[in-house]
Amino acid sequence: MRRRLTIKLSLGLALVTGLAAAASALGIGQDRPEKQGHRNAAQLVGAFTWHAEPDWFGGFSGIEVSADGREMTVLSDRATLARARLHRTGGEISAVELQSAQHLRSSKGALLRGRIVDSEGLAVAGDGSLYISFEGVSRVVHHKRDTARARVLARPKEFRKLPLNKALEALAIDARGRLYTLPENAPNAAGDIPVWRWEEGRWSQPFALPRRGGFLPVGADFGPDGRFYLLERNFVFIGFRSRIRRWDITEQGPQNETTLLETGTGLHDNLEGLSVWQDGSGNLRATMISDDNFRSLQRTELVEYILPTGTSR
């Protein structure tokens, strides 16, 4: 996530990320997933650090993986959309082949600049078109293709009231083509996470999700099983923790909340993007990507877990 930090805060983050890197190197928080507690039903497949040369590379906050797991579309928080091919060895990501990159355009066709740039959530529709959420000026836009100008969806008054840099962090689309978006840190009066849904040309707020602990939502997806998956992050002094929760979205609201993953501190970098898909063996996989904040002490990491299919808490 892009932040306008003061010098003091920048130094603080540099110190923290340095400590996080040291913790990772020493193995702090890197327990095997099955030994991290009964709430960790997910199994780590692998983690791959992605390096690339272009100046725009980094700051990734959104990801969508193709149904066969061979292609991915990623979004940076500086409004760059990139497509790449994933190569695997023994089921793990072993190389990433960059295919294309496009800086996003506004509704007027100009390249996005300034305070309207902060793109965070990514969802790919059935027809291949793209939806993107922003947290600087809170909005959701539609692109028919990567190079097309944006169509801005209606902005309800609730979006306009969201706090700067804490707004529409996550975006997902269900099998019926309905969009769901939610803020990183703008709880409702009850302290829960408000969820907005785009359907038939309008936004509604059909339900909220419970906040638990110090985790904040950063990514979301609907899996091939039709369930809603939420990636959350907790930032502590020596690094990041990540959590994945899952719900069945019913006419009565979200049901069967299940915590699938809760990592130790420093196990992974700043995971912000989530894509859930089914591999050739029938396993449900979660592929996540980290936002390195364009800092040398952090890394762009692609992390994959096999997720359980049961509903036990």
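Residues numbered from 1 in each chain as written. Predicted model: local features only at pLDDT ≥ 70, side-chain atom pairs only at ≥ 80, totals over all residues. Heavy atoms only, no water.

1. A few points about empty space enclosed by the protein
Under the criterion given, the structure shown has 3 cavities of 30 Å³ or more. Considering only enclosed or pocket space, the second largest cavity measures out at about 60 Å³ in volume. If you trace the second largest cavity, you find 15 residues lining it, with Ser61, Gly62, Leu122, Gly219 and Ala220 closest to the centre. At the level of secondary structure, the elements contributing two or more residues to the lining of the second largest cavity comprise strand S2 (60-65), strand S6 (119-124), strand S10 (168-173), strand S14 (216-222) and strand S18 (271-278). For the lining of the second largest cavity, the residue count by class is 7 nonpolar, 5 polar and 3 charged. (1 Å grid on protein atoms, 1.4 Å probe; cavity = no way out; pocket = protein on both sides within 12 Å on 5 of 7 lines; lining within 4 Å. Points joined across faces, edges and corners; volume = space filled by probe spheres on them. Helix = DSSP H or I, 4+ residues; strand = E, 2+ residues; numbered from the N terminus. Nonpolar A, V, L, I, M, F, W, Y, C, P; charged D, E, K, R; others polar.)

2. Quick notes on the pairing of S6
Most of S6 sits out of view: 5 of its 6 residues are buried. The pairing of S6 with strand S7 (residues 130-134) spans 5 bridges and is antiparallel. Paired with valine 124 across the bridge in S7 is leucine 130. Where S6 hands over to S7, the hairpin turn is made up of 5 residues, of which glycine 128 adopts a positive phi near 90 degrees. (Buried < 20%, exposed > 50% of the residue type's maximum accessible area, 1.4 Å probe, protein only. Pairing = 2+ DSSP bridges.)

3. Describing the confidence of the model for the protein chain
Across the protein chain, the average pLDDT comes to 89, with 86% of residues at 70 or higher. The model gives residues 2-39 a pLDDT under 50, and that stretch makes 63 contacts with residues more than four places away or in other chains. (pLDDT = per-residue confidence, 0-100. Contact = heavy atoms within 4.5 Å.)

4. Some points on the environment of leucine 230
When you line up the elements, leucine 230 lands in strand S15 (residues 228-236). Taking the C-alpha atoms as reference points, leucine 230 and glycine 273, 43 residues apart in sequence, are found 9.8 Å from one another. Aside from chain neighbours lying at most four places away, what touches leucine 230 is Leu182, Leu209, Pro217, Gly219, Ala220, Arg243, Ile244, Arg245, Trp247 and Leu274.

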